[in-house]
Amino acid sequence: MERLRTLCALLLAALLLVGCINVNVGASRRADLVEKVVYGTKGPKILLIDIDGRISQIAEPRTLGLGQRESTVSRVREQLDQAEDDGDIRAIILRINSAGGEAAASEIVYSEIRRFKEEHGIPVIAQLMGVAASGGFYVAMSADAVRALPT
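No experiment lies behind these values; they were computed from the predicted model shown.

A. Molecular detail of the overall build of the protein. Along the backbone of the protein there are 4 helices and 6 strands. Written out in order from the N terminus, the α and β elements of the protein read α-β-β-β-α-β-α-β-α-β. Residues classed as buried in the protein amount to 26% of the 151 residues present. In the protein, once contacts between residues fewer than 6 apart in sequence are set aside, the share between residues at least 24 apart is 72%. Per element, the accessible surface of the protein, about 10400 Å² overall, is 58% carbon and sulfur.

B. Layout of the environment of Arg-95. Among the structural elements, Arg-95 can be located in strand S4 (residues 89-101). Between the alpha carbons of Arg-95 and Leu-48 there is a distance of 7.1 Å; along the sequence they are 47 residues apart. Every residue in contact with Arg-95, bar those within four places of it in the chain, is listed here: Leu-48, Ile-49, Asp-50, Ile-51, Gln-127 and Met-129. Only 2.5 Å separates the side chain of Arg-95 from the side chain of Asp-50, close enough to count as a polar contact.

C. Structural context of the nonpolar core. Counting residues in hydrophobic clusters, the biggest one holds 23 residues, and the most contacted among them are Ile-92 and Leu-94. Counting only elements with at least two residues in this core, the list comes to strand S1 (45-55), helix H2 (72-84), S4, helix H3 (103-120), strand S5 (124-132) and helix H4 (135-140). Leaving out residues up to four positions away in the same chain, Ile-92 has contacts with Leu-47, Ile-49, Leu-80, Phe-116, Ile-122, Pro-123, Val-124 and Ile-125.

D. A look at unusual backbone geometry. Of note in the backbone geometry, Ser-134 takes a positive phi value of approximately 50 degrees without being a glycine. Counting through the fold element by element, Ser-134 comes out in the loop between S5 and H4. Classification of Ser-134 as exposed rests on a relative accessible area of 56%.

E. Structural context of H2. Over its 13 residues, H2 extends 18 Å from the first C-alpha to the last, a length consistent with the 18 Å expected when each residue adds 1.5 Å. Three or more residues of H2 are buried, namely Thr-72, Val-73, Arg-75, Val-76, Gln-79, Leu-80 and Ala-83. For H2, the elements touching its buried residues are S1, strand S3 (68-69), S4 and H3.

F. Fine view of the pattern of salt bridges. If you walk through the whole model with that rule in mind, you get 10 salt bridges. Between Asp-52 and Arg-75 there is a salt bridge, with its nearest N and O atoms 3.5 Å apart. Here Asp-52, found in strand S1, pairs with Arg-75, found in helix H2; they are 23 residues apart in sequence, far enough to count as distant. One salt bridge in this structure joins Asp-144 and Lys-117, with 3.0 Å as the shortest N-O distance. Taken as a pair, Asp-144 in the loop between H4 and strand S6 (145-148) and Lys-117 in helix H3 lie far apart in primary sequence, 27 residues in all.

G. Region of the structure containing the pairing of S6. Alignment of S5 against S6, held across 4 bridges, turns out to be parallel. Bridge assignment links Leu-128 to a residue of S6, and that residue is Ala-148. Handedness of the crossover joining S5 and S6 through H4 is recorded here as right-handed.

About the criteria used
- Residues numbered from 1 in each chain as written.
- Predicted model: local features only at pLDDT ≥ 70, side-chain atom pairs only at ≥ 80, totals over all residues.
- Heavy atoms only, no water.
- Helix = DSSP H or I, 4+ residues; strand = E, 2+ residues; numbered from the N terminus.
- Buried < 20%, exposed > 50% of the residue type's maximum accessible area, 1.4 Å probe, protein only.
- Contact = heavy atoms within 4.5 Å.
- Areas by Shrake-Rupley, 256 points an atom, 1.4 Å probe, with all protein chains shown as cover.
- Polar contact = N/O pair within 3.5 Å; in protein donor to acceptor, adjacent residues only side chain to side chain.
- Core = buried A, V, L, I, M, F, W, Y, C linked by side-chain atoms within 4.5 Å.
- Expected span 1.5 Å × (residues − 1).
- Salt bridge = Lys/Arg side-chain N within 4 Å of Asp/Glu carboxyl O.
- Pairing = 2+ DSSP bridges.
- Right-handed = clockwise from strand over helix to strand, strands pointing away.

Below is the structure:
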């Protein structure tokens, strides 16, 4: 009987501890753009936009359903909106590693990049990474130049 009480007490303590754990996975708040100085101390900037994974208009669940990954359309629009106020941006590099996704989402991303490029008169270069097919290649067509690895 004593052994049963001890086991119940340990189980109850374990349940209480588990109930106190607060894990914030996949927070919905988007981080600000991060600036990295590659050379010098100040001057013109290049905006690097990653187009990776499935191109979509809706948030998608992360692995094992832990939180959500912001949609490509939302992420690109937010990055361009944040860059709107920065007069030092002189070019955009699209780093594309995507097999595509939704046709409409690819069209929206393409149009947003074209709009930003034309409004600000800056060049856009698409760097194709491991995969750049379908919608990923379509987004690359918004650029002035497209570069790909020889392989």
